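Descriptive structure summary
Take a look at the letters that make up each chain.
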Amino acid sequence: MTNRKLRVRQAQTIVPFGVGAILETQGESFVAADTGRWYLAKSEVVESPRLAARLKVSGFRSAPAAKNDFFDNDKAAGVPCVRFPAWLFCGACRRMVRWNNLLEKPGHPPRCPSCPRNPALVPMRFVQICPRGHMDDVNWSWWAHSRPKATAQPCGGKNEQLSFLVDETSMGLEALRVHCRRCDSGRDLLNLLDNKSTHCSGRHPWKRGSAENVCEEKALVVPRNAGNLYYPVTCSALDIPAPEDSGGPPLDPAVVDRIREDHHLWQAFLSAEGAIRRALASMLADDAKVTEEELFILAAYETGQEIPGGRDGFAEASSHAEELSREEWEALNTRVPINEKNLVTRPLSWPEGRTAIQELLRERFEVTVADRLREVRTLLGFSRVTPSLNSLVPVTGGPRASWLPAVEVFGEGIFLSFDESLLAEWEAEPSVSERVAGISRELEQAFQQDRLLGVTGPKLLPRMPMLHTFSHLFIRQLAFESGYGIASLQERIYARPGGKRHQAGVLVYTSAGDSQGTLGGLAAQGAPEPLAETVLRLLESGSWCSNDPLCSEHGARGPAALNRAACHACTLLPETSCETGNTLLDRVLLIGGNGVPGFFQPVIEAALDRAARTARGQA
């Protein structure tokens, strides 16, 4: 960074402060630059062959860890950031200054050169973004001169002297005004946010000094902390025993060995271009007895480019999430213990003398405790205005690179595998199908459809919102029982349709990037006795909400109307804990109501019956 102790945790360099995101700290505002500007000498390699094979990259690297406070040179550890917005103003004299790197003083924030006490300058509140992912400062000079006074002689925006004024007699944006002291032109910000004539500069903040790109989109002016300013696209994978088909390039290993046999010719081919590259391809193909097409496929794999005839790892992020999920489901959904370096699991059995409630729970799911697991999270890119993969900006800020930024997380978890026959019987209920059909229709029109398809699969099964709601209530209850904070727990929902069998499981695991993720408190809650009590308590909390009956009886709600009976008082989680951004939730599918049978309704009825008999002294 270009300042003092402006630190973020290494895990936060993926989300929420990844490439292209705005970081506000200590009254200053920055944007993380693309990976092409990272100083990689001290960057550590993050191993995840399965994820690399799916995304068609050669590997991953973590952000260089900063062990001291010296962030003021290009080769310092940490992620390089640039100050943004570049337009700053003084809270005392209200003068505006367009800042640049030449004005930076290492170890000191920007200060007003006009005031006697040199107060710190404050970044402007608004920036402009476009649907193609560009972001730049608002052209304040043009705005100040777009509506000059009739009696004033405008200076034409040359050598302007701008001020950011506040009218205490007005309210809202009408009270804010950009004024040119040179020609006395000015304009308030009343129509700034709905201005339709702002052109996009085609730039990113870290490329401000380079030539402008051509962008035909109209820019949208938003506050610099607006929710639609940054939509990160991430992908993660658990470290599981690698499937046989995901260990390397999409070619026969014997073919790869023949291609790499002549090392010098192969390296020359990778770096060559044009006619020289084609000539080397012909020579190498003859020597290795392979086709030129196979050469270009392997070259694309090793350099991180799109594989000819294959799918782009960025554009098919939802597809890769589904493929990774199926591999994890197959690895976890087994009663055989796993004792790998980064994955240790223990299938647990319900006790012999189990109660009636424990029997009902045993019929619904089996339990596997993960005493140790490892997750690798990578950032593919980001979008602005709307979370669309069609306008994805790669983390390189340009053509794809051979590696992606990533972090590794060690933790523990509880995996619940639900009974397929009971789920299928419950899903066949007409009232259940009808209720979920409404959510499915909303999903088909949702702006988040591309991202959510990676979680739901090609078809939204009724089990998906039910298991997702169960997972949210489970995390909220585990936060009381295990000692972890809610934000330290994360979910993975396995509810996608399959050819031979559908997925039906929930994994709740720790998502802290340090030793907090392996304290043992979560694994201990997977034992049958405490787990049964935890499930009863989460069903009890899910049966009633402080916003009922509005919450349970209200129709479509939430982002893109993808929720039903769910609100902040009963179900929603921090965004970092949820796979779907707090969508596809419905308590009714879990506990029943409104003529819809809940999957856990028999458990609730049995618990109420036991409580009634206990109250009558019959237990």
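What you see is a predicted model, and the numbers here were worked out from it, not measured in a lab. (Residues numbered from 1 in each chain as written. Predicted model: local features only at pLDDT ≥ 70, side-chain atom pairs only at ≥ 80, totals over all residues. Heavy atoms only, no water.)

Let's talk about the overall build of the chain
Condition: A helix here means a DSSP run of H or I that spans at least four residues, while a strand means a run of E at least two residues long, and both kinds are numbered starting from the N terminus. Classification of residues uses two cut-offs on accessible area relative to the type maximum, computed with a 1.4 Å probe and protein chains only: under 20% is buried, over 50% is exposed, and between them is partly exposed. Two residues form a contact once any of their heavy atoms are found within 4.5 Å. The Shrake-Rupley method, run with a 1.4 Å probe sphere, supplies the accessible areas, and residue values consider only the shown protein chains as cover.
Across its full length, the chain carries 17 helices and 22 strands. Residue burial in the chain is summarised as follows: out of 619 residues, 51% are buried. The long-range share in the chain, meaning contacts at least 24 apart out of those at least 6 apart in sequence, stands at 71%. In the form shown here, the chain has an accessible surface area of approximately 28,200 Å², with 51% of it arising from carbon and sulfur atoms.

Observations concerning the packing of aromatic side chains
The condition is simple: Between 30 and 60 degrees the pair is tilted, below 30 it is stacked and above 60 it is edge-to-face, where a pair is any two Phe, Tyr or Trp rings, Trp via its six-membered ring, whose centres lie within 6.5 Å.
Scanning the entire structure with this criterion turns up 17 aromatic pairs. Arranged with centres 6.0 Å apart and planes meeting at 55 degrees, the rings of Trp142 and Trp143 form a pair that is tilted. Given a relative accessible area of 40%, Trp142 falls into the partly exposed group. Residue classification places Trp143 among the buried residues on the basis of a relative accessible area of 1%. Ring centres 5.2 Å apart and planes at 5 degrees place the aromatic pair Phe470 and Phe600 in the stacked group.

Considering the nonpolar core
To keep things clear, this is the line we draw: We call a set of buried Ala, Val, Leu, Ile, Met, Phe, Trp, Tyr and Cys residues a nonpolar core when their side-chain atoms join them within 4.5 Å.
With 71 residues, the main nonpolar core has Phe365, Phe418 and Phe600 as its most contacted residues. The element that contributes the greatest number of residues to this core is helix α12 (residues 463-481), accounting for 8 residues. Contacts of Phe600, omitting those with residues within four sequence positions, involve Leu361, Arg364, Phe365, Phe418, Met466, Phe470, Val535, Leu539 and Leu590.

Let's talk about the sheet that holds strand β11 (residues 162-166)
The condition is simple: Whether two strands pair comes down to DSSP finding at least two bridges between them. Every angle, taken between N-to-C directions, lies between 0 and 180 degrees, and every axis is a line fitted to C-alpha atoms, over only the stretch in contact when it is a helix.
Spatially, the 3 strands line up as an open sheet ordered β11-β12-β13, and their pairing is antiparallel. In the strand order of this sheet, the two ends are held by β11 and β13 (186-188), each with one partner. Within this sheet the neighbouring strands show an average axis-to-axis angle of 20 degrees, counted without direction. Pairing of strand β12 (residues 176-180) with β13, which is carried by 3 bridges, proceeds in the antiparallel orientation. Bridging across to β13, His179 finds its partner in Gly186.

Here's the deal with the environment of Ala532
Along the chain, Ala532 falls in helix α14 (residues 528-542). Taking relative accessible area as the criterion, Ala532 reaches 7% and is therefore assigned buried. C-alpha separation for the pair Ala532 and Ile357, spaced 175 residues apart in sequence, amounts to 8.0 Å. Ignoring sequence-local partners within four residues, the contact set of Ala532 consists of Trp350, Gln358 and Leu361.

Section: the packing of helix α8 (residues 356-364) against helix α17 (residues 601-615)
Keep this limit in mind: Oblique is the label for every angle not falling under 35 degrees (roughly parallel), over 145 degrees (roughly antiparallel), or within 65 to 115 degrees (roughly perpendicular). Classification used: nonpolar for Ala, Val, Leu, Ile, Met, Phe, Trp, Tyr, Cys and Pro, charged for Asp, Glu, Lys and Arg, polar for all others including Gly.
Where α8 contacts α17, the two axes come as close as 9 Å, and the packing angle between them is 175 degrees. Taken together, the axes of α8 and α17 lie roughly antiparallel to each other. Seen from α8, the contacting residues are Ile357, Leu360, Leu361 and Arg364; seen from α17, they are Pro602, Val603, Ala606, Ala607 and Arg610. For the contact of α8 with α17, the per-class residue count stands at 7 nonpolar, no polar and 2 charged.

Topic: the pairing of strand β1 (residues 22-25)
On a regular strand, each side chain points to the face opposite its neighbour's, so the side chains alternate between the two faces of the sheet. Pairing geometry for β1 and strand β2 (residues 28-32), over 4 bridges, is antiparallel. Among the inter-strand pairings, Leu23 is bridged to a residue of β2, identified as Phe30. Between the antiparallel neighbours β1 and β2 lie 2 residues, among them Gln26 with a positive phi of about 50 degrees.

Digging into the pairing of strand β6 (residues 87-90)
Burial along β6 is two-sided: Trp87 and Phe89 and Leu88 and Cys90, pointing in opposite directions, are all buried. The pairing of β6 with strand β7 (residues 96-98) spans 3 bridges and is classified as antiparallel. Residue pairing across strands places Leu88 opposite Val97, the latter belonging to β7. The turn linking β6 back onto β7 is made up of 5 residues, and Arg94 within it adopts a positive phi angle of 70 degrees. Where β6 meets strand β8 (residues 121-123), 3 bridges bridge the pair, whose relative direction is antiparallel. Each bridged residue has a counterpart across the sheet, and for Leu88 the counterpart in β8 is Pro123.

Concerning unusual backbone geometry
Pro85 follows Phe84 through a cis peptide bond whose omega is 0 degrees. In this structure, Pro85 sits in the loop between β5 (81-83) and β6. Look at the link from Asp548 to Pro549: it is a cis peptide, with omega at 5 degrees. You can see Pro549 is positioned in the loop between α14 and α15 (550-553). The backbone phi angle of Gln26 is positive, close to 50 degrees, even though this residue is not glycine.

Comments concerning the confidence of the model for the chain
Just so we agree on the cut-off: Values of pLDDT, the confidence the predictor places in each residue, fall between 0 and 100.
When pLDDT is averaged across the chain, the result is 84; 85% of the residues are at 70 or more. Across residues 307-315 the pLDDT falls below 50, and counting only partners more than four positions away or on other chains, this stretch makes 26 contacts in the model.

Quick notes on the sheet that holds β7
Strand order in the open sheet formed by 3 strands is β7-β6-β8, with antiparallel pairing between adjacent strands. Of all the strands in the sheet, just β7 and β8 have a single pairing partner and so form its edges. Here the strands of the sheet are splayed against their neighbours by 35 degrees on average, with no regard to which way each runs.

What about α17?
Threshold: Helix span, as expected, comes to 1.5 Å for every residue beyond the first. This arc describes the spread of directions from the helix axis toward the C-beta atoms.
For α17, spanning 15 residues, the distance from its first C-alpha to its last is 21 Å, which sits close to the expected 21 Å at 1.5 Å a residue. Those residues of α17 that fall on the buried side of the exposure criterion are Val603, Ile604 and Ala607. Axial view of α17: buried residues confined to an arc of 100 degrees, hence all on one face. For α17, the elements touching its buried residues are α8, α14 and α16 (588-591). Directly beyond the C-terminal end of α17, a positive phi value near 75 degrees is found at Gly617.

Focus on the pattern of salt bridges
When the charged atoms of two side chains with opposite charge come close together, those side chains can pair. Keep this limit in mind: Salt bridge, as applied in this entry: a Lys or Arg side-chain nitrogen positioned within 4 Å of an Asp or Glu carboxyl oxygen.
Evaluated as defined, the whole model comprises 28 salt bridges. Ionic pairing is found between Arg501 and Glu330, a salt bridge with its closest N-O pair at 3.2 Å. Placement of Arg501 in the loop between β21 (489-494) and β22 (505-510) and of Glu330 in helix α7 (residues 317-332) is noted, with a sequence separation of 171 residues between them.

Observations regarding the packing of α8 against α14
The interhelical angle for the contact between α8 and α14, taken along N-to-C directions, is 85 degrees, at an axis separation of 11 Å. In terms of orientation, α8 lies roughly perpendicular with respect to α14. Contacts between α8 and α14 involve Ile357, Gln358 and Leu361 from the first element and Glu529, Ala532, Val535 and Leu536 from the second. Broken down by class, the residue content of the contact of α8 with α14 amounts to 5 nonpolar, 1 polar and 1 charged.

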